[in-house]
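Descriptive structure summary
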Amino acid sequence: MQNLTIEVDFDRFPREHTCDGENLSPRIRVSGSDAPYLAIIVDDPDAPRGTFTHWLAWNIPSTGEIPAGIPPDPRVSRPIPAVQGTNDFQRTGYGGPCPPKGTEHRFFIRVWGVEREIDLSPGAGRVELDAALASVATGYGETMAVYRR
């Protein structure tokens, strides 16, 4: 499996990318992938009840950058094409960091290079995406940032 380099513009989530701000998905730079598509999972392993999934998206063209501000629609055509799943807020699309007040949590931004489009319906959950990735992923990388309210 290829090692991907994943970068965001911060090591602490700016307010605009959290539940305390505009809840905008962050810009994510991806290098090292020769796969035609990307899939992304953003999660919080420090959540009180176990890992909390904040974003699931797949069938993203591998152009080197996932721009900020992806709309929360199940199928997106702009600013890039993508299919999005249901996060643990029970909403489609990105849901920003929102840990309990007074605690700092880690948020992992995980990206896979994918050899072909993933045949999952919009709104699919984490279990379905994890299963699909097992057979189509050709690369993987992650980065991490923190947030404290």
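Residues numbered from 1 in each chain as written. Predicted model: local features only at pLDDT ≥ 70, side-chain atom pairs only at ≥ 80, totals over all residues. Heavy atoms only, no water.

**So, the overall build of the protein chain**
Check the secondary structure of the protein chain and you find 1 helix and 10 strands. For the protein chain, whose C-alpha radius of gyration is 14 Å, the value lies close to the compact-globule estimate of 15 Å for 149 residues. Projected onto its principal axes, the C-alpha positions of the protein chain cover 40 × 30 × 30 Å. For the protein chain, contacts bridging at least 24 residues in sequence account for 67% of all contacts bridging at least 6. Accessible surface for the protein chain amounts to roughly 7,100 Å². Of this, 46% is attributable to carbon and sulfur atoms. Within the protein chain, one finds 15 positive and 20 negative side-chain charges whose respective centroids are separated by 6 Å. (Helix = DSSP H or I, 4+ residues; strand = E, 2+ residues; numbered from the N terminus. Rg over C-alpha atoms; globule rule 2.2 N^0.38 Å. Contact = heavy atoms within 4.5 Å. Areas by Shrake-Rupley, 256 points an atom, 1.4 Å probe, with all protein chains shown as cover. Lys, Arg positive; Asp, Glu negative; His and termini not counted. Charge placed at Lys NZ, Arg CZ, Asp CG, Glu CD.)

**Regarding the pattern of salt bridges**
Applying the stated rule across the entire model yields 11 salt bridges. Where Asp 43 meets Arg 110, a salt bridge forms, and the shortest distance between an N and an O atom there is 3.2 Å. Residue Asp 43 is located in strand β4 (residues 37-44), and its partner Arg 110 is located in strand β9 (residues 104-114); the two are separated by 67 residues in the primary sequence. The pair Asp 43 / Arg 110 is uniform in exposure class, with both members buried. (Salt bridge = Lys/Arg side-chain N within 4 Å of Asp/Glu carboxyl O. Buried < 20%, exposed > 50% of the residue type's maximum accessible area, 1.4 Å probe, protein only.)

**As for the sheet that holds strand β2 (residues 5-7)**
Across a sheet, strands are paired by hydrogen bonds formed along the backbone, either parallel or antiparallel in direction. An order of β2-β3-β6 is seen for the 3 strands of this open sheet, with the pairing classed as antiparallel. Two strands bound the open sheet, and with one partner strand each, they are β2 and β6 (65-66). (Pairing = 2+ DSSP bridges.)

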